[in-house]
Amino acid sequence: MKLMRQKLERRGFLAGAAALAATRPALAAPLPIPPGNEMRFKILRNGSPIGEQHMKFTQSGDDLRVDINADLVVTLAGIPVFHYRASAVERWSGGHFSRLDSQVNHNGTKLSVQADPIPGGYAVQSTKAGDYEYTGQPKMLPLTYWNKAMLKAMILNVETGRHYPAIVNSPGWNKLPTAEGGFVIAQRFNVTGKLHLSVWYDQYDQWSGLAFNVDGHETFQKYMT
């Protein structure tokens, strides 16, 4: 169970964001804001539901606020053995990150990450990785999954404050099940390196699913509801 907690931490059910520099910001493609301004996912472990994630998108002119909340409990023989709760607020302006604040309770361990723009990069303050500045290429983007542009970025983990390069390949399109028993046609991307997971996006670049394994026998998935 300790190893499972460590691997869950590395992947992060939220995993966070940073703010792009105010001068000549990169990765300014139109943001994939979902219809209805909300996304809901059911979180499964070995096919059994253990929690949910909800994302709310609020637009005001050129500004966007994304509120993210996730809550899950893993039980063995009906006894809770792992609890994860996270909340984060991403703020965007003109299609670019302007701020992130996150709070995570990782089975009793409280973690926080804050990211703000500096010239050419980001200033990150975090409980686990400490305080540091990142500048250079590629630009940082969040491991919050809803923005496909993260696959071309330096990924910032909202739980730990650590960052990883994205190593990505796509084996093609799949018929992905939804949490309510339907399906969606979505393209699969396998992310490797520090992260080992698969993420799916539909033809409109909307996030549709996430899956990864722990210890080779525990499968964690998120399917859109």
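For the structure itself, look to the data block above.
Once a new chain begins, its residue numbering starts again from 1 and follows that chain's sequence as written. Note on the predicted model: pLDDT of at least 70 is required for a residue's local features to be given, and 80 or more for side-chain atom pairs to be given and counted; whole-chain, interface and lining totals, by contrast, use all residues. Water and hydrogen atoms were dropped before computing side-chain values, which therefore reflect all heavy atoms in the structure.

**Details of the packing of aromatic side chains**
Stacked, tilted and edge-to-face pairs are distinguished by plane angle, under 30 degrees for stacked and over 60 for edge-to-face with tilted covering the rest, among Phe, Tyr and Trp rings (Trp via its six-membered ring) whose centres lie within 6.5 Å. Tallied over the full model, the rule gives eight aromatic pairs. Feature note: the residues Phe57, Trp92, Phe97 and Trp146 constitute an aromatic cluster, connected by ring pairs. Lysine NZ or arginine CZ positioned within 6 Å of the ring centre and within 35 degrees of the ring normal marks a charge as sitting over the ring. One Lys or Arg, Lys175, reaches over the ring of Phe183 and ends 4.2 Å from the middle of that ring.

**So, the environment of Val199**
Within the secondary structure, Val199 is located in strand S14 (residues 197-202). Throughout, exposure labels follow a simple rule: accessible area from a 1.4 Å probe, protein chains only, divided by the maximum for the residue type, with under 20% read as buried, over 50% as exposed, and the rest as partly exposed. Note on Val199: relative accessible area 0%, which makes it buried. As for Val199 and Leu151, which are separated by 48 residues in sequence, their C-alpha atoms are 9.8 Å apart. If sequence neighbours within four positions are ignored, Val199 has contacts with Tyr145, Leu151, Gln187, Arg188, Phe189, Val191, Trp207, Gly209 and Leu210. Helix and strand assignments come from DSSP, with helices taken as H or I runs of at least 4 residues and strands as E runs of at least 2, each series counted from the N terminus. Between two residues, a contact is recorded if the distance between any of their heavy atoms is within 4.5 Å.

**Some points on the sheet that holds strand S10 (residues 154-156)**
When DSSP locates at least two bridges between a pair of strands, those strands are taken to pair. Across the sheet, three strands lie side by side as S9-S10-S11; this open sheet has mixed pairing. Every other strand in the sheet has two partners, leaving strand S9 (140-142) and strand S11 (163-165) as the edge strands with one partner each. On average, each strand axis in the sheet is tilted by 35° relative to the strand beside it, whichever way the strands run. Every angle, taken between N-to-C directions, lies between 0 and 180 degrees, and every axis is a line fitted to C-alpha atoms, over only the stretch in contact when it is a helix.

**Describing the pairing of strand S6 (residues 109-118)**
Where strand S5 (residues 96-106) lies against S6, seven bridges are found, and the strand directions are antiparallel. Residue pairing across strands places Asn105 opposite Lys110, the latter belonging to S6. Between the end of S5 and the start of S6, which pair antiparallel, lie two residues, with Asn107 showing a positive phi angle near 55°. Bridging between S6 and strand S7 (residues 121-126) involves six bridges; their strand directions are antiparallel. Residue Ile118 lies in a different strand from S7, and its bridge partner there is Gly121. Taken together, S6 and the strand that follows it, S7, pair antiparallel across an intervening segment of two residues, in which Gly120 is found at a positive phi of about 80°.

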